[in-house]
Amino acid sequence: VYKSDDEQVETIRKWWDENGKSIVTGVILGLVAIFGWRAWQDYTRQQAEAASELYQNVLTMLDGDNPSKDEIRVISDKIIEDYGDTAYAVLVKLIDARLAVDANDYVAAAGHLRWALDNNQETSLEHIIRLRLARALVFQQKYDEARAVLKGSDKGDFAAGYDEAEADILKLQGDADGAHTLYEQALNKRQSAKLDTAVLELKLDDLGRSTE
């Protein structure tokens, strides 16, 4: 209980002397954090928009009658160099891999896909990358390495694709029984999901599908 208003004022002054600077500092740091976060968000959005525009240019070129692979690679390299932390860098690496496969350069394709896998942050896209990387390795007859790429945690909706890809490898390695088992698993999963099974049925027929 204060004896007078003067004592209250004096107490407030002492408190301010002891705590005022830390309060001001805290407020300033809070404002810096708020505006810094907003600036970072603006920067991230601008980066994504710029990368998106370049990526759309690549898609437009691919849709053309005679797409220039050299021009596509120039734009692709720019996206990787300037916007490597965006999702478009991963997407354009998939295009680079596709162009390499078209040129029968499976070593380069695998390199692009490994970069995409290492820098990807999207779960569903990871499965696509892994399956394509496994195929690129199969073309190089790196079967064990390809199977290692297919080993993952939750395969989700891509489980049938993983089974089929691994079955393809086992077949190439001469393990017909193992391939048959995995083809059957893939077939059952695709049937449960009401997806087309024509290719899988042909692969099973080629191995001599059981009639039981």
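Just so we're clear, the structure is a prediction, and the values are computed from it rather than from any experiment. (Residues numbered from 1 in each chain as written. Predicted model: local features only at pLDDT ≥ 70, side-chain atom pairs only at ≥ 80, totals over all residues. Heavy atoms only, no water.)

Asks: What's the story with the overall build of the protein in this structure? I'm lost.
Replies: The secondary structure content of the protein amounts to 9 helices and 0 strands. Within the protein, buried positions represent 32% of all 212 residues. Nonlocal contacts in the protein, meaning residues at least 24 apart in sequence, comprise 46% of its contacts between residues at least 6 apart. Working note: accessible area of the protein is about 13,800 Å², and carbon and sulfur atoms make up 51% of it. (Helix = DSSP H or I, 4+ residues; strand = E, 2+ residues; numbered from the N terminus. Buried < 20%, exposed > 50% of the residue type's maximum accessible area, 1.4 Å probe, protein only. Contact = heavy atoms within 4.5 Å. Areas by Shrake-Rupley, 256 points an atom, 1.4 Å probe, with all protein chains shown as cover.)

Asks: Help me understand the packing of helix α4 (residues 106-119) against helix α5 (residues 123-139) in this model?
Replies: To characterise two packed helices, one gives the angle between the axes of the helices and the distance between these axes. Where α4 contacts α5, the axes come no closer than 9 Å and their chain directions differ by 155°. Of the possible angle classes, the one that applies to α4 and α5 is roughly antiparallel. The two elements α4 and α5 cross, and the hand of that crossing is left-handed. Along its contact with α4, which presents Tyr106, Ala109, Ala110, Leu113, Arg114, Ala116 and Leu117, the element α5 presents Glu126, Ile129, Arg130, Arg132, Leu133, Ala136, Leu137 and Phe139. (Axes fitted to C-alpha atoms, helices over the stretch in contact; angles between N-to-C directions. Parallel < 35°, antiparallel > 145°, perpendicular 65-115°, else oblique. Left-handed = near helix turned anticlockwise from the far one by under 90°.)

Asks: Quick question: what am I supposed to make of the packing of aromatic side chains here?
Replies: To describe a pair of aromatic rings, one takes the distance between the centres and the angle between the planes. The full count for this structure, using the stated rule, is 2 aromatic pairs. Ring geometry for Tyr55 against Tyr88: centres 5.7 Å apart, planes inclined by 50°, an arrangement best described as tilted. Taken together, the residues Tyr55 in helix α1 (residues 5-62) and Tyr88 in helix α3 (residues 87-102) connect sequence positions 33 residues apart. A relative accessible area of 12% means that Tyr55 is categorised as buried. On the basis of relative accessibility, which here comes to 23%, the residue Tyr88 falls in the partly exposed class. Seen in terms of ring centroids, Tyr106 and Phe139 are 4.2 Å apart; in terms of plane orientation they differ by 10°. Their pairing is stacked. Taken together, the residues span a long stretch of sequence, with Tyr106 in helix α4 and Phe139 in helix α5 at a distance of 33 residues. A relative accessible area of 17% places Tyr106 in the buried class. Note that Lys155 overlies the ring of Tyr162, its terminal NZ or CZ placed 5.3 Å from the centroid. (Phe/Tyr/Trp six-rings, centres within 6.5 Å; stacked < 30°, edge-to-face > 60°. Lys NZ or Arg CZ within 6 Å of the ring centre and 35° of its normal.)

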